[in-house]
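Spelled out from the first residue to the last, the chains are:
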Amino acid sequence: MLVLPEVIDQAVADGSVDIGVHSLKDQPVKLPPGVQLAACLPRDDPRDAFISIKYACTADLPAGARVGTSSLRRKAQLLHAHPHLRVVPVRGNIDARLQMLESGELDAIVLAAAGLSRLGQSGLVTRVLGFDEMLPAACQGAIGISCRTQDPFLRWELGLICHEPTWLEIAAERAMLKHLLTPEESSETEEEQQSQSEQSSPGSSTDSPAQPGKLSIPLSSSSSSGSRAPPSSAPTLQGISSITGLPLLPSFAIACHAAFDPHDGLLCIDGLVASEDGRTMHRVALSGGAAAAEDAEDIGRHLGLQLREFALQHGWSRARAKFPETVEAHVRLKVDPRRGDQMVRGAAVLPFSLGKPLRIAVFAEGPDADEAREAGADIVGSEELVAAVLESKGKGLDFNAVVATPDMMPKLVKLGRILGPKGLMPNPKMGTLTTQVAAAIADLRRGRVEFKMDRTGIVHAPLGRVTFDLKQLQANIGALTAALLAAKPEAIKGGLPKYVKSVHVCSSMGAAVPVEVSSLLAAMEVAAGVLARQAGKAAAGAEA
């Protein structure tokens, strides 16, 4: 029976079982509270195995040959090295895949060598693929044991069977994954710091200070074009990298492998990210001294950040929704939402709008209605438009933004129950209840978004679509930040760090990615520059 790693760890956390045994390739990097990885067994062969009846190796496969695998990582690396192949997604157990090979449906399959070894089927392997041909998944071939953090005796017992070289290798590989997929938090609680210190060494409840690892110059840094990038220090997650996060755009492949030499204490780790079609790949190798798990994690962290920077620059992520998702910002403020004088509400004009069609309805009469039509409003009306909305009961509204003049408000009151829940009710603080109808329409066209803090002290606002490039998203979140600062309650003293507690960005169907608050200052500068250029172009066009 297949049991998911999350289920095993939760059983450990709630005391149903004392230990959990995992294939570490499948175990999430983040474990449930109160659970830690306590030990690992000697690592099996982490490489991938090539199996074929007709061909001796991947280089022998002819154009159009069908290679079966369920792994995005293997697919990307196969297509990068052999773009003439057809990679076919396959599911099912090993026997089912072998039957597809024997029936001629596939010319070859690629599986984990460790899995075949554990099933006693290593004899099926045609050729084991070297690390230069195909990097494995992080922690492939490793078996780990988890237990409760608050069980020091069991942790000590498990530490006795822990294989130290494998422990250091998986520490580096899991750190690489963690820092590739999520940016570093700007701060940690004392509980988190204590938990991390307790988990840094197997089988010990009081760990001795780790010797600092000395990170060497990168051994290599190459892309699919074969060009070598100059050595560089690990990138910091500031500005554009922090803001956009990873779960926003198309998926990408990840692979890595670490090897520890106990004789010289040197740990080498090799990792890559690649596009799904294999056309673009970035591979980096790092090495450094690893006297303890902290050193190995530091090396893995540097690799993860370098690969993350490349992935961000190419607009990659791991979201797979079949529609153009909206990118959203969720900003937790350091205010008391129970106090009326600390309510935060306002509007921001995004330099690159929201990337979706906008239909504006204007409730106005006489000259104001004429002005609205000239300004490009989609629907203009007064009492007849109010009656039409009432009759529809809010169903099938042909507009998603509303502007009204103050003299129309007595008639709009009856629409409160329809427009209010949809966030469409005109409001003077938002600039949608105004006598400057043309200016309000222009702001909406430019990307005006309204925001209001909820009862938990969080502001939720859209930033655009996942199809936006990184600079567009950065400028938009910078504009939102500037608007939040403009709406800061007088009771809150100080700058951004005293006002904003945390920021997360996500796509509609994606996981939230934390953003460094300090990086928002750089984003505000980008937004100000873009808005200034746009205003200059508009003024030049008006003069012409």
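Scroll up to find the structure this text is about.
Described below are features of the structure shown in this document. (Residues numbered from 1 in each chain as written. Predicted model: local features only at pLDDT ≥ 70, side-chain atom pairs only at ≥ 80, totals over all residues. Heavy atoms only, no water.)

1. Looking at the overall build of the protein chain
Each helix and strand in the protein chain was counted, giving 17 helices and 21 strands. Buried residues in the protein chain amount to 48% of all 544 residues. For the protein chain, long-range pairs separated by at least 24 residues make up 74% of all intrachain contacts whose partners lie at least 6 apart in sequence. (Helix = DSSP H or I, 4+ residues; strand = E, 2+ residues; numbered from the N terminus. Buried < 20%, exposed > 50% of the residue type's maximum accessible area, 1.4 Å probe, protein only. Contact = heavy atoms within 4.5 Å.)

2. Side note on the nonpolar core
The biggest cluster of nonpolar side chains holds 41 residues, and the ones touching the most others in it are Trp167, Ile170, Met176, Leu267 and Ile269. Mapped onto this core, the elements with two or more residues apiece are strand E2 (35-40), strand E8 (143-148), helix H5 (152-161), helix H6 (164-181), strand E10 (252-261), strand E11 (266-275), strand E12 (281-289) and helix H9 (293-313). In terms of residues, this core owes the most to one element, H6, which gives eight residues. Not counting chain neighbours up to four residues away, the residues in contact with Met176 comprise Ile254, Cys256, Ile269, Gly300, Arg301, Leu303, Gly304 and Leu307. With 35 residues, the next largest nonpolar core counts Val449, Ala461, Ile477 and Ala527 among its residues. (Core = buried A, V, L, I, M, F, W, Y, C linked by side-chain atoms within 4.5 Å.)

3. Some thoughts on a positive patch on the surface
On the surface, Arg332, Lys334, Lys498 and Lys501 cluster together to form a positively charged patch. Note that Lys334 resides in the loop between strand E13 (326-333) and strand E14 (345-349). (Patch = residues over 30% accessible without salt bridge, like charges linked within 9 Å, V, L, I, M, F, W, Y side chains within 5 Å. Areas by Shrake-Rupley, 256 points an atom, 1.4 Å probe, with all protein chains shown as cover. Salt bridge = Lys/Arg side-chain N within 4 Å of Asp/Glu carboxyl O. Lys, Arg positive; Asp, Glu negative; His and termini not counted. Charge placed at Lys NZ, Arg CZ, Asp CG, Glu CD.)

4. A closer look at the packing of helix H10 (residues 366-375) against helix H14 (residues 437-446)
Between H10 and H14, the shortest axis-to-axis distance is 8 Å and the interhelical angle comes to 30 degrees. In terms of their interaxial angle, H10 and H14 are classed as roughly parallel. Like other packed secondary-structure pairs, H10 and H14 cross with a definite hand, here right-handed. In contact with Asp368, Glu371, Ala372 and Ala375 of H10, H14 contributes Val437, Ala438 and Ile441. (Axes fitted to C-alpha atoms, helices over the stretch in contact; angles between N-to-C directions. Parallel < 35°, antiparallel > 145°, perpendicular 65-115°, else oblique. Left-handed = near helix turned anticlockwise from the far one by under 90°.)

5. Remarks on the sheet that holds E2
With antiparallel pairing, the three strands of this open sheet are ordered in space as E1-E8-E2. Looking at which strands have only one partner, the edges of the open sheet turn out to be strand E1 (19-23) and E2. Here the average twist between neighbouring strands, direction ignored, is 35 degrees. Packed on one face of the sheet, helix H1 (residues 5-13) meets E1, E2 and E8 and runs near 165 degrees to E1. Sitting on the sheet, H5 touches E1, E2 and E8, and the angle it makes with E8 is about 165 degrees. (Pairing = 2+ DSSP bridges.)

6. Some thoughts on the pattern of salt bridges
Inspection of every chain in the model, using the stated rule, returns 21 salt bridges. Between Asp336 and Arg338 there is a salt bridge, with its nearest N and O atoms 3.0 Å apart. The exposed category is assigned to Arg338, whose relative accessible area is 75%. Through salt bridges with shared partners, a single ionic network connects Arg359, Asp378, Asp398 and Arg445.

7. Let's talk about the packing of H6 against H9
Across the interface, H6 lies against H9 with an axial gap of 7 Å and an inter-helix angle of 35 degrees. The crossing of H6 and H9 is right-handed. Of H9, the residues touching H6 (which contributes Trp167, Leu168, Ala171, Ala172, Ala175, Met176, His179, Leu180 and Leu181) are Ala293, Ala296, Glu297, Gly300, Arg301, Leu303, Gly304, Leu305, Leu307 and Arg308. Of the residues assigned to the contact of H6 with H9, the class counts are 13 nonpolar, three polar and three charged. (Nonpolar A, V, L, I, M, F, W, Y, C, P; charged D, E, K, R; others polar.)

8. Comments concerning the sheet that holds strand E16 (residues 379-381)
The sheet built from three strands is open, its strands ordered E16-E15-E17 with parallel pairing. What marks the edges here is a single partner per strand, and that holds for E16 and strand E17 (401-404). Ignoring which end each strand starts from, the neighbouring axes of this sheet average 15 degrees apart. Bridge analysis of strand E15 (residues 360-363) against E16 gives three bridges, and the strand direction is parallel. Each residue of the ladder has a partner; that of Phe363, found in E16, is Gly381. Most of the contacts of H14 go to E15, to which it runs at about 165 degrees, and overall it touches E15 and E17.

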